[in-house]
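# Architecture at a glance
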Amino acid sequence: MERTFIAIKPDGVQRGLVGQIISRFETKGFTLVGLKIMSVSKELAEKHYEVHKERPFFPSLIQFITSGPVVAMVWEGEGVVASARKIIGATNPLSAEPGTIRGDYGISVGRNLIHGSDAIETAKTEISLWFKDEELVSWQPTLTPWIVE
Ligand code: IDP
Ligand code: MG
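Parameters and conventions
- The residue numbers shown here count from 1 along each chain, following its written sequence.
- Chain letters and ligand numbers both follow the written order, the letters beginning at A and the numbers at 1.
- For this predicted model, a pLDDT threshold of at least 70 governs which residues receive local features, and a threshold of 80 or more governs which side-chain atom pairs are given and counted, while totals over whole chains, interfaces and linings are taken from all residues.
- Hydrogen atoms and water are omitted, and side-chain values are computed over all heavy atoms in the structure.
- By definition, any uninterrupted DSSP run of H or I lasting at least four residues is a helix, any uninterrupted run of E lasting at least two residues is a strand, and each is numbered from the N terminus.
- Radius of gyration: over C-alpha atoms. The globule rule applied is 2.2 Å multiplied by the number of residues raised to the 0.38 power.
- Residue burial is assigned from relative accessible area. The probe radius is 1.4 Å, only protein chains are included, and a residue is buried under 20% of its type maximum, exposed over 50%, and partly exposed in between.
- Here, residues are in contact when the closest pair of their heavy atoms is within 4.5 Å.
- For accessible areas, the Shrake-Rupley method is used with a probe of radius 1.4 Å. Any residue's cover is judged against the shown protein chains and nothing else.
- In summary, the charge assignment counts Lys and Arg as positive and Asp and Glu as negative, without counting His or the chain termini.
- A single reference atom marks each charge: NZ on Lys, CZ on Arg, CG on Asp, CD on Glu.
- Nearness here has a simple test: a residue counts as near a molecule or strand if at least one of its heavy atoms is within 4 Å of that partner.
- The term polar contact refers here to a pair of N or O atoms within 3.5 Å; inside protein, the definition further demands a hydrogen-donor-capable atom paired with an acceptor-capable atom, and it admits residues adjacent in sequence only when both atoms are side-chain atoms.
- Each cavity reported here is a set of points on a 1 Å grid over the protein atoms alone in which a 1.4 Å probe fits but cannot get out, each pocket an open set with protein on both sides within 12 Å along at least five of seven lines, and each lining residue one with an atom within 4 Å of a point.
- In this description, a molecule resides in a pocket or cavity if more than half of its atoms sit within 2 Å of the grid points defining it.
- Classes in brief: Ala, Val, Leu, Ile, Met, Phe, Trp, Tyr, Cys and Pro nonpolar; Asp, Glu, Lys and Arg charged; the others, Gly included, polar.
- Pairs of strands are assigned from DSSP output, requiring at least two bridges between the strands.
- In this description, a line fitted to the C-alpha atoms serves as the axis of each element, helices being fitted only across the stretch in contact, and the angle between N-to-C directions of two axes falls anywhere from 0 to 180 degrees.

## What to know about the overall build of the protein
If you tally the helices and strands in the protein, you get eight helices and four strands. Walking the protein from its N terminus toward its C terminus, one meets helices and strands in the order β-α-α-β-α-α-β-α-α-β-α-α. Its C-alpha atoms give the protein a radius of gyration of 15 Å, within 12% of the compact-globule value 15 Å for 149 residues. The principal-axis extent of the C-alpha atoms belonging to the protein is close to 45 × 35 × 25 Å. Looking at the protein as a whole, 44% of its 149 residues are labelled buried. Of the contacts made within the protein by residues no fewer than 6 positions apart, 77% connect residues no fewer than 24 positions apart. Surface accessibility of the protein: about 8,500 Å² in total, with carbon and sulfur atoms responsible for 55%. Here the protein holds 16 positive side-chain charges and 18 negative ones, and the gap between their average locations is 6 Å.

Below is the structure:
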């Protein structure tokens, strides 16, 4: 089953939006299979954002993501990678549609609340970077037949 990596960034945690953000994915019908709050090391942050290491915003991005607790999650469900990106909204919250997490809660690209994997392959890499196998729980919600035909 398809899985994606989602992280609530320090601004989302500090602003008390953890519950509301988790609710978006939960009420959509996806299944939570991994969840932890953690301090992010510089090493983990740099690995996670490696593709951006030559960009001018890289140092401030690393500083930001290591500046407070992050809530790391793995969500499961058919089409979850692309759907989660839609639920999250555009990178710049000012361009993100109302109804998306970034569109509803943010105004600044450097404080855009949440990360979501951008492709199935990226999701696999990010999940194994952030979680050990034994931290993930495979389970079948009893609600499934009411959510998936
Ligand atoms: P994404 O999070 O929507 O996938 P990416 O382009 O992969 O967006 O950028 C990763 C993160 O880097 C963004 O979520 C944002 O926190 C930060 N970022 C991207 N572009 C900028 C920028 O122009 N200024 C400041 N931060 C940026
Ligand atoms: Mg990205």
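Don't stop here, the text continues.
## A short note on the site of ligand 1
Lys-9, Tyr-49, His-52, Phe-57, Leu-61, Arg-85, Thr-91, Arg-102, Val-109 and Asn-112 make up every residue found near ligand 1. At 2.9 Å, a side-chain N or O of His-52 approaches an oxygen atom of ligand 1. The contact in question runs from an oxygen atom of ligand 1 to an N or O atom on the side chain of Thr-91, over 2.5 Å. Here ligand 1, which alone exposes 530 Å², has 75% of that area covered by the protein. Given that more than half its atoms are within 2 Å of the pocket grid, ligand 1 belongs to the largest pocket. Among the residues making up the shell around ligand 1, the classes are represented as four nonpolar, three polar and three charged.

## Observations regarding the sheet that holds strand 4 (residues 114-116)
The sheet built from four strands is open, its strands ordered 2-3-1-4 with antiparallel pairing. The two strands at the open ends of the sheet, each matched to only one other strand, are strand 2 (31-38) and strand 4. The mean inter-strand angle of the sheet, taken between neighbouring strand axes irrespective of direction, is 15°. The sheet contact formed by strand 1 (residues 3-8) and strand 4 spans three bridges and is antiparallel. What sits directly across from Ile-8, in strand 4, is Ile-114.

## A look at unusual backbone geometry
The backbone of Leu-113 shows a phi angle near 75°, a positive value even though the residue is not glycine. The class of Leu-113 is buried, set by a relative accessible area of 0%.

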